Amino acid sequence: MLLEPLVLVTDRGGHLHNALKLMEQLQRSPAAVVTTHGPDIDSLRRHFNRVYGVPYLFRWFGKKRWFNPIGAFRHLYISAKLALKLKPRTVISLGASNVVCFCYFSKLLGAKVVHVECMNQVTTKSITGKLLYPICEQVFVQWPELLGQFGPKARYEGWVL
């Protein structure tokens, strides 16, 4: 059961596109969308009243990803601040590592967390899935082969997206 207010948290790009498609399929509109900073935020604000950006945990230098300690502190602070401000009852997560902190802070405030594993995860869990599983009410996997990698909270309902 998805309780209001429902907050959608996702990275931008493909994860964001999939998250918006999921909301369309559920015929639901989230109370707020939390995503990573980028040009997508401006276009999202034309469709949703409450759109918030969180900074990235990592920096890219060419094709290498590096942990950004200053960005991480900003990310933690902003994620906590947004969770306190939005007080979600349900969080639906689609995305990479940038969604984890918001989900944990929301869970501490009593939210139900639901994670949808990325379509690319066929036989192994994502890092995000591994980190969120302990606090999730449910994890939806999109391949039957992946179901055995998770515990009893995982569900396969066919392709979600």
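Scroll up a little and you will see the structure.
Quantities reported herein were computed from a predicted structural model and do not represent experimental measurements.

Participant: For this particular structure, what's the right way to read the pattern of salt bridges?
Facilitator: Counted under the stated rule, the structure contains 3 salt bridges. Among the salt bridges present, the one from Glu-24 reaches Lys-21, with a minimum N-O distance of 3.8 Å. Taken together, the residues Glu-24 and Lys-21, both in helix H1 (residues 14-26) and 3 residues apart, mark about one turn of the helix. Between Glu-137 and Lys-107 there is a salt bridge, with its nearest N and O atoms 3.0 Å apart. Of this pair, Glu-137 sits in strand E8 (residues 136-141) while Lys-107 is found in helix H4 (residues 100-108), placing the two residues 30 residues apart along the sequence. Taking the relative accessible area as the measure of exposure, Lys-107 reaches 29% and is therefore partly exposed.

Participant: Looking at this structure, how should I read the environment of Arg-155?
Facilitator: Relative to the helices and strands, Arg-155 is located in strand E9 (residues 154-156). For the pair Arg-155 and Gln-138, spaced 17 residues apart in sequence, the C-alpha to C-alpha distance is 7.1 Å. Beyond its immediate sequence surroundings of up to four residues, Arg-155 is in contact with Gln-138, Val-139, Phe-140, Val-141 and Leu-147. Within polar-contact distance, the side chain of Arg-155 engages the side chain of Glu-157 at 2.5 Å.

Quick notes on the rules
- Residues numbered from 1 in each chain as written.
- Predicted model: local features only at pLDDT ≥ 70, side-chain atom pairs only at ≥ 80, totals over all residues.
- Heavy atoms only, no water.
- Salt bridge = Lys/Arg side-chain N within 4 Å of Asp/Glu carboxyl O.
- Helix = DSSP H or I, 4+ residues; strand = E, 2+ residues; numbered from the N terminus.
- Buried < 20%, exposed > 50% of the residue type's maximum accessible area, 1.4 Å probe, protein only.
- Contact = heavy atoms within 4.5 Å.
- Polar contact = N/O pair within 3.5 Å; in protein donor to acceptor, adjacent residues only side chain to side chain.

No statement about biological role is implied by the geometric values presented.
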